[in-house]
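# Understanding the architecture of this molecule
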There are 4 protein chains.
Amino acid sequence: MIAGSASSTHAPIRLGMVGGGTGAFIGAVHRIAARLDGEFQLVAGALSSTPEKARASAEALGLARSYDDFAAMAKGEARRKDGIEAVAIVTPNHMHAAPAIEFLKRGIHVICDKPLTATLAEARKLAAAAEKSGALFILTHNYTGYPMVRQARAMVGASDLGRIRLVQVEYVQDWLTQAAEKSGSKQAEWRTDPERSGAGGATGDIGTHAYNLACFVSGLTPQALAADLSSFVPGRPLDDNAHVLLRFHGGAKGMLWASQVAPGNENGLRLRVYGEKGGLDWAQEDPNRLWFTPYGAEKRLITRNGVGAGPEAARMSRIPPGHPEGYLEAFANIYAEAARAIRAFRTGAAPPAGTLYPTLADGLAGMRFVDACVRSSTRNAAWVTL
Amino acid sequence: MIAGSASSTHAPIRLGMVGGGTGAFIGAVHRIAARLDGEFQLVAGALSSTPEKARASAEALGLARSYDDFAAMAKGEARRKDGIEAVAIVTPNHMHAAPAIEFLKRGIHVICDKPLTATLAEARKLAAAAEKSGALFILTHNYTGYPMVRQARAMVGASDLGRIRLVQVEYVQDWLTQAAEKSGSKQAEWRTDPERSGAGGATGDIGTHAYNLACFVSGLTPQALAADLSSFVPGRPLDDNAHVLLRFHGGAKGMLWASQVAPGNENGLRLRVYGEKGGLDWAQEDPNRLWFTPYGAEKRLITRNGVGAGPEAARMSRIPPGHPEGYLEAFANIYAEAARAIRAFRTGAAPPAGTLYPTLADGLAGMRFVDACVRSSTRNAAWVTL
Amino acid sequence: MIAGSASSTHAPIRLGMVGGGTGAFIGAVHRIAARLDGEFQLVAGALSSTPEKARASAEALGLARSYDDFAAMAKGEARRKDGIEAVAIVTPNHMHAAPAIEFLKRGIHVICDKPLTATLAEARKLAAAAEKSGALFILTHNYTGYPMVRQARAMVGASDLGRIRLVQVEYVQDWLTQAAEKSGSKQAEWRTDPERSGAGGATGDIGTHAYNLACFVSGLTPQALAADLSSFVPGRPLDDNAHVLLRFHGGAKGMLWASQVAPGNENGLRLRVYGEKGGLDWAQEDPNRLWFTPYGAEKRLITRNGVGAGPEAARMSRIPPGHPEGYLEAFANIYAEAARAIRAFRTGAAPPAGTLYPTLADGLAGMRFVDACVRSSTRNAAWVTL
Amino acid sequence: MIAGSASSTHAPIRLGMVGGGTGAFIGAVHRIAARLDGEFQLVAGALSSTPEKARASAEALGLARSYDDFAAMAKGEARRKDGIEAVAIVTPNHMHAAPAIEFLKRGIHVICDKPLTATLAEARKLAAAAEKSGALFILTHNYTGYPMVRQARAMVGASDLGRIRLVQVEYVQDWLTQAAEKSGSKQAEWRTDPERSGAGGATGDIGTHAYNLACFVSGLTPQALAADLSSFVPGRPLDDNAHVLLRFHGGAKGMLWASQVAPGNENGLRLRVYGEKGGLDWAQEDPNRLWFTPYGAEKRLITRNGVGAGPEAARMSRIPPGHPEGYLEAFANIYAEAARAIRAFRTGAAPPAGTLYPTLADGLAGMRFVDACVRSSTRNAAWVTL
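Remember, predicted model here, so these are calculated numbers, not experimental data.

## Brief notes about the pattern of salt bridges
Pairing is possible between side chains of opposite charge, provided their charged atoms come close. One pass over the full model with this rule turns up 104 salt bridges over all chains. A salt bridge links R80 of chain A to D82 of chain A; its shortest N-O distance comes to 2.7 Å. Take R80 of chain A: its relative accessible area is 37%, and that puts it in the partly exposed class. Residue class for D82 of chain A comes out partly exposed when judged on its relative accessible area of 34%. Between D286 of chain B and R289 of chain B there is a salt bridge, with its nearest N and O atoms 3.1 Å apart.

## Notes on the packing of helix α3 (residues 70-79) of chain A against helix α4 (residues 97-105) of chain A
In helix packing, the relevant descriptors are the interaxial angle and the interaxial distance, both defined with respect to the helix axes. Residue and element names in this part refer to chain A. Between α3 and α4, the least distance of the axes is 9 Å, while the angle of their chain directions is 10 degrees. In terms of orientation, α3 lies roughly parallel with respect to α4. Where α3 approaches α4, its residues F70, A71, M73 and A74 are matched on the opposing element by A98, P99, E102 and F103. Residue composition of the contact of α3 with α4, grouped by class: seven nonpolar, no polar and one charged.

## Overview of unusual backbone geometry
Cis peptide bonds are those with omega within 30 degrees of zero, and the linkage from K114 of chain B to P115 of chain B qualifies with -10 degrees. Mapped onto the fold, P115 of chain B is located in the loop between β5 (109-112) and α5 (120-133). Within the chain, A381 of chain A stands out as a residue other than glycine whose phi angle is a positive 65 degrees. By secondary structure assignment, the location of A381 of chain A is in the loop between α12 (360-378) and β15 (384-385). Look at A381 of chain A and you get buried, because its relative accessible area is 5%. Phi is positive for S159 of chain D, close to 65 degrees, though the residue is something other than glycine. Examined against the element boundaries, S159 of chain D turns out to sit in the loop between α6 (147-157) and β7 (164-172).

## What about the pairing of strand β10 (residues 253-259) of chain B?
Both faces of the sheet carry side chains from a regular strand, because those side chains alternate between them. All names here are of chain B. Along β10, seven of the seven residues are buried, which leaves the element largely enclosed by surrounding structure. By the alternation rule, side chains of β10 split into K253, M255, W257 and S259 and G254, L256 and A258, which are all buried. Examined bridge by bridge, strand β7 (residues 164-172) and β10 share seven bridges and lie parallel to one another. Counted as the bridge partner of V169 is L256 from β10.

## Describing the interface of chain D and chain A
With 44 residues of chain D in contact, the opposing surface of chain A contributes 44 residues. Both sides of the chain D and chain A interface together cover about 3,800 Å² of buried area, and 55% of this is carbon and sulfur. Counting every contact that joins chain D to chain A gives eight salt bridges. Between R272 of chain D and E170 of chain A there is a salt bridge; the shortest N-O distance is 2.7 Å. The interface formed by chain D and chain A contains 26 residue pairs in polar contact (both at pLDDT 80 or more). Of all the secondary-structure elements, those providing two or more residues to the side of chain D that touches chain A are β7, β8 (222-230), β9 (241-248), β10 (253-259), β11 (268-275) and β12 (278-283) of chain D. When residues in the side of chain D that touches chain A are grouped by element, the largest group, six residues, is from β10 of chain D. Classifying every residue of the side of chain D that touches chain A gives 17 nonpolar, 16 polar and eleven charged.

## Quick notes on the environment of H96 of chain D
All names here are of chain D. By secondary structure assignment, the location of H96 is in the loop between β4 (86-89) and α4 (97-105). Classification of H96 by relative accessible area gives buried; the value is 0%. On a C-alpha basis, the gap between H96 and E122 in space is 9.0 Å, while along the polypeptide they are 26 residues apart. The contacts of H96, once residues within four sequence positions are left out, are I89, T91, C112, D113, K114, P115, L116 and T117. Among the polar contacts made by the side chain of H96, one reaches the main-chain carbonyl oxygen of T91 at a distance of 2.7 Å.

## Considerations on the UniProt feature "domain: GFO/IDH/MocA-like oxidoreductase" (unreviewed entry) in chain A
According to UniProt, the "domain: GFO/IDH/MocA-like oxidoreductase" (unreviewed entry) feature falls on residues 149-280 of chain A. Here residues 149-280 of chain A runs as 27% helix and 33% strand, with 10 Å between its end C-alpha atoms.

## A few points about helix α9 (residues 202-218) of chain B
Residues and elements named next belong to chain B. Along its 17 residues, α9 runs 22 Å from first to last C-alpha, staying within 8% of the 24 Å computed at 1.5 Å per residue. If you look at α9, its biggest bend is around 35 degrees, right at T208. Of all the 17 residues making up α9, 17 are buried; the element is thus mostly covered by neighbouring parts of the structure. G219 sits one or two positions beyond α9 and adopts a positive phi of about 70 degrees.

## Remarks on the side chain of H109 of chain B
Residues and elements named next belong to chain B. Mapped onto the elements of the fold, H109 is located in strand β5. Using a relative accessible area of 3% as the deciding quantity, one classes H109 as buried. Contacts of H109, omitting those with residues within four sequence positions, involve E85, A86, V87, A135, L136, I342 and F345.

## Here we look at the sheet that holds strand β6 (residues 137-139) of chain C
Residue and element names in this part refer to chain C. The parallel open sheet is built from six strands, whose spatial order is β3-β2-β1-β4-β5-β6. Of all strands in the sheet, those with a lone pairing partner are β3 (65-66) and β6, marking the two edges. Relative to strand β4 (residues 86-89), strand β1 (residues 13-18) is paired through four bridges, and the arrangement is parallel. When the bridges of β4 are listed, V18 appears paired with I89. Together, β1, β2 (40-46), β4, β5 (109-112) and β6 form the strand contacts of helix α11 (residues 327-347), whose direction differs from that of β1 by roughly 120 degrees.

Definitions and limits used
- Residues numbered from 1 in each chain as written.
- Chains lettered and ligands numbered in written order.
- Predicted model: local features only at pLDDT ≥ 70, side-chain atom pairs only at ≥ 80, totals over all residues.
- Heavy atoms only, no water.
- Salt bridge = Lys/Arg side-chain N within 4 Å of Asp/Glu carboxyl O.
- Buried < 20%, exposed > 50% of the residue type's maximum accessible area, 1.4 Å probe, protein only.
- Axes fitted to C-alpha atoms, helices over the stretch in contact; angles between N-to-C directions.
- Helix = DSSP H or I, 4+ residues; strand = E, 2+ residues; numbered from the N terminus.
- Parallel < 35°, antiparallel > 145°, perpendicular 65-115°, else oblique.
- Contact = heavy atoms within 4.5 Å.
- Nonpolar A, V, L, I, M, F, W, Y, C, P; charged D, E, K, R; others polar.
- Pairing = 2+ DSSP bridges.
- Buried area = accessible area lost by both parts, 1.4 Å probe.
- Polar contact = N/O pair within 3.5 Å; in protein donor to acceptor, adjacent residues only side chain to side chain.
- UniProt positions renumbered as here; feature names shortened; annotations may be inferred.
- Expected span 1.5 Å × (residues − 1).
- Bend = angle between axes of the 7 residues up to and from the residue.

Right under this line is the structure:
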């Protein structure tokens, strides 16, 4: 049976948004994800650091309330009876920590884009603020919302692969093959700008996704890494390619490759995990299928909601096998988990069994990953403890 | 550039629903599709023919108004200032015509599931009612909402394949391999029941989709068909497998295979079109990619929003290449087209250029297809003119 | 364990060849296939109907003896103590029967290319001659030599699919999309010439392969067919596309599509078989893998010599899984089977258990298939009993 | 046009073999490869270090002459007028150098399995002997014989990718997932035995293939590597998994992964190369296809002998597109290149244009690779200059 995802008997949760004005890619994604299951209603926003643009965007989206900046919004919403319960932060990396702290301080839950911050120092500050606040912090490492990623994690957890030996992960793109940052791409501009992105280029933007996914599925804790970062496009101050060796506690090893200069690759996130008893292979561009290869048996293809897929995948899925679900559904699953957690938070209850989403701990781990990559690479790919 | 899909500056369109109570698969799909782009708000429903179930479902969904039957709903909503502008009809086939006529009569637009009706006679009655009404009728042949299906249609239209010679289409499933209708599957029960489904089993349920897709992409008009229908599961009164030869006006030919008894197939809808200059190959389970094989050149893989994909695909898409969109997004695209048409209807303007959705004509064509298949098969697969 | 294929303790079998002079595609294929396992040595030939070309070709190949025509060769070789034991006939279709009869008459085994002949009448004459002779007749329906085709046949035979319901087969090419026969392609010239090819175009050239494969794997006996043949290229006297409905004894049904005008397809031979308990899917262009989809279980991919592949496949294979074997190996497998049969024939013993190759019966079946297709198509795709 | 491969007007070259007795996998492969194009005839052998087994194997294969050891064979054959011109050495790694030197000394060409030797010291000794001898030395890095590998190399050479930035290569297997060396597998026994294999396990057995392929296609010269080798199976003295970072002269970088403990992988050799203008992707298990992804254009699939494939691939191919060629054909291509070189050697002429095969230089490079991997890994994956 396919479990219905988050069809609510309750009113939608009131949501605000920081960043995500007209034209921003990820803001639109968050809005669809918030809306898809009917769990959230976007009512307020500080959608741009340029007040006119913020207002125009809010109007275009039909928002009830528009603010000139996040501070005003935090203050204003906290004061209202019908103020927002949660806020989505979808600004560039260097603008995550400040608004997040502001909302957390006022008990407003934060749903924040990744990577957590631009610097490890900021990340630690944010973590401290979150701890003090008690409000929820959800990091949109959205790939963890794919049903077959949950399935993979469940299978590793159930020891279907035996003790894990190898974790091979890659996230490969091509959109920065040329100097797009010099030909007008806003996305490319801030993604390659250390001021806004932090110390990691490909490492921060997509390497953190790959790293998070590898840990999420394998359940392993990284112990050290050795990274060789490159900036292949002349004049680019941040890495556009990362070659990383991984060692995990317990003896497993891995490789991580993140690249934005590999022509022909769009969002080539792929994870392979191998243990003593079997292997798993999953690719984001074909997300409804998971290869399971038990040693000494036929290779098996498990499909979303098909035979062999368990409840962990089913609760993340809305439709029968053979009808593909994709990126937006996976993103919406993170929002659905957030909704479950927020509704439970209201009453002080524990969220429903199985509720699972990336948190500040994952965000901190990601920042430590970026930091370690940069330090390792600076030292000629020496091992750096995580 | 990726065109934003239907981000509205307007209030959502008020939507009602007939059928689709708790547990119904397709009702939930319609609700997500209606919600995904924020273009519709579900406010009223006659969600079940059992009044208590209707009420409970409406409450669970937080609907403003619940009705005991569609007639009451049509009357009630037509009377209200804030009544629904459009209604989604998601009942079994035999229950499409009556409510549709009731709402159309009152100028309420109808978004109706396929196949159009259970019988060709009903379909004709409905067509007449729609013509009289002037209100819009949108048939959710949802596969026409996939971006790469639009791309394929555009390429055929631009003569990239030259004059079309061959159309090979198949829709293959396995869920009726055994007598699921006798072991408690509600879906299987009505899908195999002539009273509720009409004369076509697999033919009506999925054959109409395949037929519609073939015509939609190829732009060809079928001239005749020869069909060999089978009921492989003992005691099943409707076909569970259809083998069909097609002839189109202008000389093209084709094959259509629809099956619900082919183990290992989930929703294997695949279309291949070949012309004098090239070919196209698209599969629903991998919907973000389209093979284009110009004769005498390398095979080319066009990805959604990737190089080679044109504006007809881009306007049906929300996110960059490499991030898969799926079934729900395609379904939502039909709703987004409906929204554009409805908003234009209000002012008497033409819908925005490019607006395209399946209509009553497609529904009638589908019913003629089912009728022709059954008649042909009865006469030992003799050719029947369409 | 991988069984070694035909590593012989004996001297190679002396082989002759009719046709296959320099430049002929299929002659070279037969020679490699004969040589690959060291089972045959080509020593004599009538390689062309043009004596000078025959001689030049024989010299280029280092043949011991060259003849001006097959009749002289049959006579000459039959007289020698060290004469050939077997002859490969690789001429166009209309030149199969005469030489075959000539060699069979003299007790020389015949390895003959498909389709059996150009006409059904010739085929019957040849069959009569073969019966009288007692010598062996091997028809190179080479696709039956693929290990995973043997695997598929074995699985159907072992009832892994249950009772068979559906057989879907297609063989799709694009090399006749344009009028190649008018621009100097020798292959295209005779393949589209009724004098040399017989009544079937695509039907005879590749349709017979598809038909043979469907029967070989499914074990079913066709009962009737309905065919819609087309010649899409103007002025082409033979069909270049065949749409065929099939009915088998016992109630199974099928579709067969053979086309040489579908751009983007090279040798797209694919077979899908579905029974009450499961399905199989095999494609010639990816021949080392076989999908097995038992109903109600995960889809399984069986690889050549991998887990799940049985002895019927192993005896047709030379190397471990993951190292692909292809067309030439499959062709060589037919020769290896022929060698086993010929060596057994010498002593009057039965060939080793499992020896299996296409015979005159298959060739006759293929000719009946072509004949039935043409007759059915002439009668507007009426059913014709096989 | 498809160039015929090595159809000879000459008598076959007389070949001897060292190792490769009954039951040895790679000996049988060499024999088929030597025979496939009719360029070689195996006439003599020292097929086993156990004289009885050598004799029995020779008899089973119908060899004219069997020797008890390679030294006797070198002496004996050198003396005969009809002695062998070339010898295939197919023993375990530690038994390559001694026989090779013995034959080279006598002017007999050597076709030797890889890796070159067990130790770098041996490799250097062998290189010196080869230089002195003047006879040819062909190393069977067989994957360089695949047509589409040649195509890839030609495209890189023609600057279709622009300046190369990234080389990602992996060779992944699963056959040593468990301690097969302790359960009777002869292959596993010597492959995991430092005495017979040398210092590299997976590194030597398959890592050298991956390394060779990466260099062969990219045309780059490695500058340094950092390797993290593992022996996941307890008690295994050699590595069964290698994680390697690569740096090339000129600034390109790469990753190499070789594993024999990744369940579900058979011979997963895959190479991806990315330059400023485009990418290439090739996989050994699907060897007839090559992805070419020019930046800013549709992805293109080039098939063997299809449109877009050039003469470098065509000369390595025997049959039309869509009929797969595999491992044995690629292996035979190395033998065909060897034959061309040997025939040219006889007359002192240069081999035909385009003749290309792996040589001692490649063998030495492979041994330096293994040596560097081991040294780097011992030093905690420090960079080691190549």
